[in-house]
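# Examination of the molecular architecture
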Amino acid sequence: KIKRWQPLLRRLRFHLHLHLHLYLLVSLVVVLLMGSAQGSDSLDNCITNLSEILSQEGPLSTSDLTTRREYILCPNTVFATGVGTVQGDITGGQYPLVVRSNAVVKCGADGKSTNNCVITSGQYAIFLNTYAFFGDQHMHNVEFHGLTIQNMMHNGDVPIIIRQNKGSVKFVDLVYRNNAAAPGF
């Protein structure tokens, strides 16, 4: 009786193998297409104006600050920051980089300075005084990767301001070129 079923079993096994191989091939193609779409998406949605980061960081609640957030700056972009007014606005350019705890800012997807994200011309490039903006007492796990800060020479102000009670800020592959600050800084 078994011999009678063997040809049928062989054909069934062949069809199962064929369907399995076809399924695996289609699955691989789908994964590859999704991966390439996500890779291009990250640069399609990269940030071209530093004020966008402030507008995303502002509405976050304190509980949201425990979640790691990553901001990708568009490669080969010049970010011209403005000058702060007494009212707290910025004129003549974008807001500087203003982030809260657990934020990572990267130049391009890989965060390399060779991607050429240049912050220039304003009063501040990075302003880490989240108490002034949001009332946060501390800032933890903040990272900046691959930024170039250059030609920041507004009235002797320091291009990077860090005014927090406690916290940790990490700068990786930072290029600091042709900047000026008041004597004593």
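About the thresholds
Residues numbered from 1 in each chain as written. Predicted model: local features only at pLDDT ≥ 70, side-chain atom pairs only at ≥ 80, totals over all residues. Heavy atoms only, no water. Helix = DSSP H or I, 4+ residues; strand = E, 2+ residues; numbered from the N terminus. Contact = heavy atoms within 4.5 Å. Pairing = 2+ DSSP bridges. Axes fitted to C-alpha atoms, helices over the stretch in contact; angles between N-to-C directions. Core = buried A, V, L, I, M, F, W, Y, C linked by side-chain atoms within 4.5 Å. Buried < 20%, exposed > 50% of the residue type's maximum accessible area, 1.4 Å probe, protein only. Salt bridge = Lys/Arg side-chain N within 4 Å of Asp/Glu carboxyl O.

For the rest of this paragraph, the subject is the environment of D89. Mapped onto the secondary structure, D89 falls in the loop between β3 (83–84) and β4 (90–91). If we ignore the near neighbours within four places in the chain, the residues touching D89 are V83, G84 and Y95.

A few words now on the sheet that holds strand β2 (residues 77–80). Taking strand neighbours across the sheet as the criterion, the four strands line up as β2-β6-β9-β12 in an open arrangement whose pairing is parallel. Every other strand in the sheet has two partners, leaving β2 and β12 (175–177) as the edge strands with one partner each. The average angle at which neighbouring strand axes cross in this sheet is 20 degrees, direction not considered. Taken together, the three bridges between strand β9 (residues 147–150) and β12 define a ladder with parallel strand orientation. Paired with Q150 across the strands is R177, a residue of β12.

Core analysis: the biggest nonpolar cluster contains 22 residues, and L73, L97, V99, I126, F144 and L147 have the highest contact counts within it. Elements represented by at least two residues in this core include exactly β1 (69–73), β5 (103–107), β6 (117–120), β7 (126–128), β8 (138–145) and β9. When sequence neighbours within four positions are dropped, the list of residues in contact with L97 reads L50, I53, V105, I119, A125, I126, F127, F144 and L147.

Another point: the sheet that holds β8. Sheet architecture is open: four strands sit in the order β1-β5-β8-β11, paired in parallel fashion. Sheet topology places β1 and β11 (166–172) at the edges, where each strand pairs with a single neighbour. Direction aside, the axes of adjacent strands within the sheet are offset by 10 degrees on average. Bridging between β1 and β5 involves five bridges; their strand directions are parallel. Bridge assignment links R69 to a residue of β5, and that residue is A103.

Scanning the entire structure with this criterion turns up three salt bridges. Residue E57 is joined to R69 by a salt bridge in which the shortest nitrogen-to-oxygen separation is 2.7 Å. Of this pair, E57 sits in helix α2 (residues 51–57) while R69 sits in strand β1, placing them 12 residues apart in sequence. On the accessibility criterion, E57 (0% relative accessible area) is buried. Residues E143 and R68 are paired through a salt bridge, measuring 2.8 Å at the closest nitrogen-oxygen approach. Placement of E143 in strand β8 and of R68 in the loop between α2 and β1 is noted, with a sequence separation of 75 residues between them.

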